[in-house]
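Report on the structure
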Number of protein chains: 2
Amino acid sequence: MDEVRLIEVKEDILADNQDLAAKLRAQLRSSRTYLLNLMSSPGSGKTSLIMRTIEHLQGRYRIGVIEADIDSTVDAEKVAAMGVKAVQLRTGGFCHLDATMVASGLAAFDLSAFDLIIIENVGNLVCPAEFDTGAIHNAMILSVPEGDDKPLKYPLMFSVSQALLVNKTDYLGLSDFDMATLKEHTKRLNPGMAIFEVSCKTGDGIEAWSEWLAARVAAFIR
Amino acid sequence: MDEVRLIEVKEDILADNQDLAAKLRAQLRSSRTYLLNLMSSPGSGKTSLIMRTIEHLQGRYRIGVIEADIDSTVDAEKVAAMGVKAVQLRTGGFCHLDATMVASGLAAFDLSAFDLIIIENVGNLVCPAEFDTGAIHNAMILSVPEGDDKPLKYPLMFSVSQALLVNKTDYLGLSDFDMATLKEHTKRLNPGMAIFEVSCKTGDGIEAWSEWLAARVAAFIR
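This write-up is about the structure you can find in this document.

The rules behind each value
Residues numbered from 1 in each chain as written. Chains lettered and ligands numbered in written order. Predicted model: local features only at pLDDT ≥ 70, side-chain atom pairs only at ≥ 80, totals over all residues. Heavy atoms only, no water. Helix = DSSP H or I, 4+ residues; strand = E, 2+ residues; numbered from the N terminus. Rg over C-alpha atoms; globule rule 2.2 N^0.38 Å. Buried < 20%, exposed > 50% of the residue type's maximum accessible area, 1.4 Å probe, protein only. Contact = heavy atoms within 4.5 Å. Areas by Shrake-Rupley, 256 points an atom, 1.4 Å probe, with all protein chains shown as cover. Buried area = accessible area lost by both parts, 1.4 Å probe. Salt bridge = Lys/Arg side-chain N within 4 Å of Asp/Glu carboxyl O. Polar contact = N/O pair within 3.5 Å; in protein donor to acceptor, adjacent residues only side chain to side chain. Nonpolar A, V, L, I, M, F, W, Y, C, P; charged D, E, K, R; others polar. Axes fitted to C-alpha atoms, helices over the stretch in contact; angles between N-to-C directions. Parallel < 35°, antiparallel > 145°, perpendicular 65-115°, else oblique. Arc of directions from axis to C-beta. Pairing = 2+ DSSP bridges. Least-squares fit on C-alpha atoms with pLDDT ≥ 70 in both.

**Section: the overall build of chain A**
Within chain A, the regular secondary structure consists of eight helices and eight strands. By the compact-globule yardstick of 17 Å for 222 residues, chain A fits well, its C-alpha radius of gyration being 18 Å. C-alpha extents for chain A along the principal axes are approximately 65 × 45 × 30 Å. Expressed as a percentage of its 222 residues, the buried residues of chain A come to 55%. Long-range pairs, those at least 24 residues apart, make up 75% of the contacts in chain A with a sequence separation of at least 6. Taken as a whole, chain A presents about 9200 Å² of accessible surface, with 49% of it coming from carbon and sulfur.

See the structure below:
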């Protein structure tokens with residue numbers, strides 16, 4: 001019987017991706033552009049959050065958006081209508097962004113003219129968590145209708161993100177979603193996670209989140 | 001309002017993949033190694049077909065296998081137990097093979113010592129059809145329990161394959177699968193498709209398929 005040779009292609013791919021992501025971060029440091037990678041399931045409110053965040057920070061920072069979520073009903077046109085430069089990546093059904101795709105998006109910007117670029121990743125709680133995009137920080141949204149048990153089902157996503165936005169808090173009264181349970185599970189996976197309860201519909205909690213982000217942008221670009 | 005810049009990342013990725021696949025084919029031509037890419041849904045019988053094909057062709061050609069279907073219950077160990085060199089690619093949940101992954105697999109072979117290498121692609125009728133692996137020909141399996149309407153649902157897979165194996169014909173009596181309907185739909189998408197009715201369980205039809213393959217290997221390596 002011949003011996004079976006085992007080749008870890010996934011590890012190779014993730015290692016190559018990691019190398020490119022590190023190069024992108026070096027480029028962002030040199031241009032003083034803070035890149036945020038925003039992830040969530042489809043329909044959790046990524047585009048709405050980006051628009052709310054732009055409203056809060058537009059006067060203070062020069063903002064751009066890289067839009068990749070093909071399932072989003074509010075798309076790059078709506079962001080662009082706010083006077084913000086938006087690049088739409090057509091991913092044709094791919095389930096995540098990798099550093100190569102983000103590099104294509106960043107190449108469309110004169111980075112020296114931008115302080116903050118937000119990536120709206122593909123709507124998916126699994127694959128995007130595995131691929132380093134080159135972003136300085138990751139943020140994720142969990143919306144109340146998705147349920148408080150998601151840290152147990154998607155631990156990697158909750159582990160690689162520095163901020164969790166619990167969106168659609170206006171649904172809390174209609175739901176058995178338990179915020180204390182969510183926070184307990186989240187803190188167990190990621191003790192340093194910043195957690196914000198927000199409603200993109202009413203605007204509740206958006207200021208606290210925006211100021212958290214603003215502080216990180218300011219520290220990075222100074 | 002700013003203009004939205006649209007970037008087709010998927011087209012770029014497929015174009016890069018195509019370039020590498022063409023290089024792999026040039027390498028295979030120079031080493032006279034015929035590479036077959038075998039695709040199907042999970043559980044359609046890829047590993048069983050590979051083992052049946054090895055039984056028929058093992059004396060005539062020096063055969064190797066690149067195994068990527070993580071859902072397969074019969075894995076590279078069983079192929080290796082037949083005395084055939086087998087390489088297992090651990091794809092960690094990726095939904096298809098691309099030319100980069102196949103290149104990693106081929107690098108484990110001394111190509112000059114192999115006439116025929118069969119790739120067992122990831123079990124999926126969608127994504128594998130989009131990525132050229134560098135193979136000389138593609139073959140696909142459709143098993144009778146999957147139904148005769150699959151050409152309508154997965155037209156790309158039926159278009160990019162040169163041979164269709166209709167497996168598990170021993171189920172035909174238990175099913176409303178209509179072979180004439182399948183062939184009609186298939187021929188409309190791909191008039192040149194070679195179609196083989198086989199049962200990996202009973203061995204029916206395996207000889208006709210194996211001789212079709214043998215003729216292609218012989219023409220390529222002579």
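**Overview of the interface of chain A and chain B**
If you look at the interface, chain A gives 32 residues, while chain B gives 32 residues. For the pair chain A and chain B, the two sides together bury roughly 2900 Å², of which 65% comes from carbon and sulfur. Along the contact surface separating chain A from chain B lie two salt bridges. Linking Glu8 of chain B and Arg90 of chain A is a salt bridge whose minimum nitrogen-to-oxygen distance equals 2.6 Å. Between the two partners, chain A and chain B, sit 14 residue pairs in polar contact (both at pLDDT 80 or more). Taken together, the elements giving at least two residues each to the side of chain A that touches chain B come down to strand E1 (5-7), helix H1 (9-31), helix H3 (76-80), strand E4 (85-89) and helix H4 (99-106) of chain A. Of the residues forming the side of chain A that touches chain B, the biggest block, five residues, is contributed by E4 of chain A. Here the side of chain A that touches chain B is composed, by residue class, of 17 nonpolar, six polar and nine charged.

**Here we look at the packing of H1 of chain A against H4 of chain A**
Residues and elements named next belong to chain A. With their axes 9 Å apart at the nearest point, H1 and H4 run at an angle of 30° to one another. As summarised for this structure, H1 and H4 are arranged roughly parallel, according to the angle between their axes. Note on element contacts: H4 touches H1 through Ala99, Thr100, Val102, Ala103 and Leu106, opposite Asn17, Leu20, Ala21, Leu24 and Leu28. The residue makeup of the contact of H1 with H4, split by class, is eight nonpolar, two polar and no charged.

**Some details on H4 of chain A**
Count 3.6 residues to each turn of an α-helix, and residues three or four apart come out pointing the same way. Residue and element names in this part refer to chain A. For H4, the complete set of buried residues consists of Ala99, Met101, Val102, Gly105 and Leu106. Down the axis of H4, the sector holding all buried residues measures 155°, keeping them to one side. N-cap assignment for H4: the residue whose side-chain oxygen lies 3.1 Å from the backbone N of Thr100 is Asp98.

**Topic: the environment of Ala99 of chain B**
Residues and elements named next belong to chain B. Tracing the backbone shows Ala99 in helix H4 (residues 99-106). Taking relative accessible area as the criterion, Ala99 reaches 0% and is therefore assigned buried. Sequence separation between Ala99 and Phe109 is ten residues, and the spatial gap between their C-alpha atoms is 16 Å. In this view, Ala99 contacts Asn17, Leu20, Ala21, Leu24, Asp132 and Thr133; residues no more than four positions away in its chain are not counted.

**Side note on the sheet that holds strand E6 (residues 137-143) of chain B**
Strand order in the open sheet formed by eight strands is E1(A)-E4(B)-E3(B)-E5(B)-E2(B)-E6(B)-E7(B)-E8(B), and the pairing between neighbours is parallel. Edge positions in the sheet fall to E1 of chain A together with strand E8 (194-197) of chain B, since each has one partner strand and no second. Pairs of neighbouring strands in the sheet enclose a mean axial angle of 20°, with direction left out of account. With five bridges joining them, strand E2 (residues 34-39) of chain B and strand E5 (residues 116-120) of chain B adopt parallel strand pairing. When the bridges of E5 of chain B are listed, Leu38 of chain B appears paired with Glu120 of chain B.

**What about the pattern of salt bridges?**
Counted under the stated rule, the structure contains 22 salt bridges over all chains. In this structure, the salt-bridge partner of Lys201 of chain A is Asp170 of chain A, at a minimum N-O distance of 3.4 Å. Linking Lys201 of chain A in the loop between strand E8 (194-197) and helix H8 (206-221) with Asp170 of chain A in the loop between strand E7 (163-167) and helix H7 (179-189), this pair joins segments that are 31 residues apart in sequence. Judged by relative accessible area, which is 62%, Lys201 of chain A ranks as exposed. We classify Asp170 of chain A as partly exposed; its relative accessible area is 30%. Taking the shortest distance from any N to any O, the salt bridge between Asp149 of chain B and Lys150 of chain B comes out at 3.1 Å. Take Lys150 of chain B: its relative accessible area is 12%, and that puts it in the buried class. A single salt-bridge network, built from bridges that share partners, covers Asp149, Lys150 and Lys153 of chain A.

**Remarks on the sheet that holds E8 of chain A**
Taken in spatial order, the eight strands line up as E8(A)-E7(A)-E6(A)-E2(A)-E5(A)-E3(A)-E4(A)-E1(B) in an open sheet, and their pairing is parallel. The open sheet terminates on both sides in strands that have one partner only, identified here as E8 of chain A together with strand E1 (5-7) of chain B. Between one strand and the next, the sheet's axes are offset by a mean angle of 20°, whatever the strand orientation. As defined by bridge partners, E7 of chain A adjoins E8 of chain A across four bridges and the pair is classed as parallel. Bridge pairing links Leu165 of chain A to Phe196 of chain A in E8 of chain A.

**Quick notes on the relation of the copies chain A and chain B**
Overlay of chain A on chain B (RMSD 0.1 Å): rotation 180°, translation along the axis 0.0 Å. The superposition of one copy onto the other is thereby described by a two-fold rotation axis. Rotation axis and chain A: the residue whose C-alpha lies nearest the axis is Cys95 of chain A, separated from it by 5.0 Å. Interface residue correspondence from chain A to chain B reaches 100%, placing this contact among same-surface, isologous pairings.

**Observations regarding unusual backbone geometry**
The backbone phi angle of Arg32 of chain A is positive, close to 55°, even though this residue is not glycine. In this structure, Arg32 of chain A sits in the loop between H1 and strand E2 (34-39).

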